Amino acid sequence: MTRLAIDQLTLWITAAAREHSHDLASHLEERTGASRRASLAALRRLVDANWLRRSGSDRRPVYGPGHLRQVARSYTLYGLQEDIPWQRDFAPNFDLPPHVARMIQHGFTELVNNAADHSGGSSVTVSLRQTPSHAQLLVSDDGCGVFDKICSAFDIANAQHAMLELSKGRLTSQPEMHTGRGLFFSSQLADVFDIHANGTAFQRRAWESGGWQPGRPMPRQGSSIYMSISLDTKRTLDQVLEAWSLDGSGIEFDHTTIALRLLAGPGQPLDSRAQARRVAARLPMFKRAEINFDGVVDVGHGFTDELFRVFAKAHQEVELLPTHMTPRIAALVKSAQNA
C-alpha cells in the first residue's frame, strides 16, 4: 500500500474537507491516484493529528476541518486582484477570532498586492496556517527582492540601509499608486514578522524593545514575508493604526520609530554625520520620530550634533524623541540639543 505523505496533504486538505465533507475519501483517491485503502488510512492519520474532524457513522462518515488548518495556493501575478483569493480560497476555510481574522486579511491583501505591484515577478505563493494558538501567513514571490527594489529606486547602498528606510514607513516607489503603509502596518500587526529577500533577512518581534534586527535568511530568490499572530492577542487593527497617529484617530500616519541598530553592525558606534543624515532622511514626512538607541553601544559628537541640533533646528515641526539611551549617549544628545 502506498503511504500518502501527510505534509503534502495538509496543504489542501482543509479546503477539501469543507468542499467534500461527505465524499472526502473518494476525492482523495481521485486527486492523488492512491488506493481506497491508502486514502482511508491517510484520513485516519489526519484525524488523529487534528487536521480533520470526523462525525457521522462508519458507513457514512462526515469530515470537516480540524483544529489545525492550512491552505496554500499559487497565483499568476499579472492581473491578480488580491481580494478575490482571500474571499474565495482562504477566508471560508478558517475559524479565527474576528479581530485576528481582520488583521490577517489586512496583511494578506497588502502583501499580495505588494507582490503584484512591486516585485516584477510572475507568480506568488500564499500559505495560511491556523494552529490552536496562532495564525501564520507566508507570502512568497519570484520577483527582484524587496531590498534590491528599494536600493534601486532610492539609490541606497545596501540592504541594511534599505531596511532602515522601510522600517520608517511611508516608503513607496510608486507614490501615485501607494502610500507606503502596507508593509509597515502589516509588520506592526504581527507578533512575529520576518522579511526574506535574496539571501538577506530582517525580523521584528513584538515583545522586543529594539525593533528590527538581522535574521537568518531563506536560501531563495525573490521576497518571502512571514507574519504570525497569536489567537489570544488583545491587539486590533484599529489600535495599531491609532498608535501611529498622534491624534489617536488612526487616520493620519505621522509618527514613526527609527531602530538605530540598523545603521551599524553589532558593537559598532554611530560616529558620523552621514549616518545621522540617513536617520533624518524622509523624517519631515512625520510630526514625531522616536529615535531608538537600543543595542547601540556608543555614538560620536558628529552623529548627535547632525541629528539633534542641525536637523532639529532646520525641521522644528518634527519632534525627535530619543529612547533606550545609555547615560553617556543621553548626555551627548542633551549637549547637542542645548548647543
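Residues numbered from 1 in each chain as written. Predicted model: local features only at pLDDT ≥ 70, side-chain atom pairs only at ≥ 80, totals over all residues. Heavy atoms only, no water.

Right, let's get into helix α3 (residues 24–32). All of the buried residues along α3 are Leu24, Ala25, His27 and Leu28. Along the axis of α3, the buried residues cluster in a sector spanning 160°; they form a single face. Looking at the buried side of α3, the elements it contacts are α1 (6–9), α2 (13–19), α4 (36–48), β1 (52–56) and β2 (61–65). Positioned one or two residues after α3, Gly33 has a phi angle of 80°, which is positive. (Buried < 20%, exposed > 50% of the residue type's maximum accessible area, 1.4 Å probe, protein only. Helix = DSSP H or I, 4+ residues; strand = E, 2+ residues; numbered from the N terminus. Arc of directions from axis to C-beta. Contact = heavy atoms within 4.5 Å.)

Tallied over the entire structure, the rule returns 16 salt bridges. Close ionic contact of Arg235 with Asp191 constitutes a salt bridge, the shortest N to O distance being 3.0 Å. On the criterion of sequence distance, the pair formed by Arg235 in the loop between β9 (223–230) and α10 (237–243) and Asp191 in the loop between α9 (182–189) and β6 (192–197) is long-range, its members being 44 residues apart. Residues Arg235 and Asp191 agree in their burial class; the two are buried. Linking Asp194 and Arg205 is a salt bridge whose minimum nitrogen-to-oxygen distance equals 2.7 Å. Highlighted residues: Asp194 in strand β6 and Arg205 in strand β7 (residues 200–205), separated in sequence by eleven residues. Residue class for Arg205 comes out buried when judged on its relative accessible area of 14%. Each of Arg273, Arg277, Asp305, Glu306 and Arg309 takes part in salt bridges that share partners, so that together they form one network. (Salt bridge = Lys/Arg side-chain N within 4 Å of Asp/Glu carboxyl O.)

Inspection of every chain in the model, using the stated rule, returns ten aromatic pairs. With a centroid separation of 4.9 Å and an interplanar angle of 55°, the aromatic rings of Phe185 and Phe253 are classed as tilted. Residue Phe185 is found in helix α9, and its partner Phe253 is found in the loop between α10 and β10 (255–259); the two are separated by 68 residues along the sequence. Like Phe253, Phe185 is buried. A connected cluster of aromatic rings, assembled from ring pairs, spans Phe184, Phe185, Trp244, Phe253 and Phe286. (Phe/Tyr/Trp six-rings, centres within 6.5 Å; stacked < 30°, edge-to-face > 60°.)

Next up on the list: the environment of Gln337. Relative to the helices and strands, Gln337 is located in helix α13 (residues 327–338). When its relative accessible area of 39% is taken as the criterion, Gln337 is described as partly exposed. Along the sequence, Gln337 and Thr304 sit 33 residues apart, while their C-alpha atoms lie 8.6 Å from each other. When neighbours within four sequence positions are excluded, Gln337 is seen to be in contact with Phe308 and Pro322.

A word on the sheet that holds strand β12 (residues 319–323). As summarised here, the arrangement of the three strands in space is β10-β11-β12, forming an open sheet in which the pairing is parallel. Each edge of the open sheet is held by one strand with a lone partner, namely β10 and β12. Strand after strand, the sheet turns through a mean of 20° between neighbouring axes, direction not considered. Relative to β12, strand β11 (residues 288–292) is paired through five bridges, and the arrangement is parallel. Residue pairing for β12: Arg288 is matched across the bridge by Glu319. (Pairing = 2+ DSSP bridges. Axes fitted to C-alpha atoms, helices over the stretch in contact; angles between N-to-C directions.)

Take the pairing of β11 next. When you tally the buried positions in β11, you get four out of five residues, the bulk of the element. Pairing analysis gives five bridges linking β10 to β11, with the strands arranged parallel. Paired with Ile258 across the two strands is Ile291, which belongs to β11. After leaving β10, the chain enters helix α11 (residues 273–280) and then returns to the sheet as β11, a path that is right-handed. Once you follow β11 into helix α12 (residues 301–314) and on to β12, the crossover reads as right-handed. (Right-handed = clockwise from strand over helix to strand, strands pointing away.)

In this section: the UniProt feature "domain: DUF4325" (unreviewed entry) in the protein chain. Within this structure's numbering, the places UniProt gives as "domain: DUF4325" (unreviewed entry) are residues 282–327. Taken end to end, residues 282–327 is 33% helix and 22% strand, and its first and last C-alpha atoms sit 28 Å apart. (UniProt positions renumbered as here; feature names shortened; annotations may be inferred.)

Spatially, β3-β4-β5-β9-β6-β7-β8 is the arrangement adopted by the seven strands of the open sheet, whose pairing is antiparallel. A strand with exactly one partner marks an edge of an open sheet, and here the two such strands are β3 (69–76) and β8 (213–214). Pairing analysis gives six bridges linking β6 to β7, with the strands arranged antiparallel. Within β7, the residue paired with Phe193 across the bridge is Arg204. This element, helix α6 (residues 98–118), spans β4 (123–130), β5 (134–141) and β9 of the sheet and lies at about 5° to β5.

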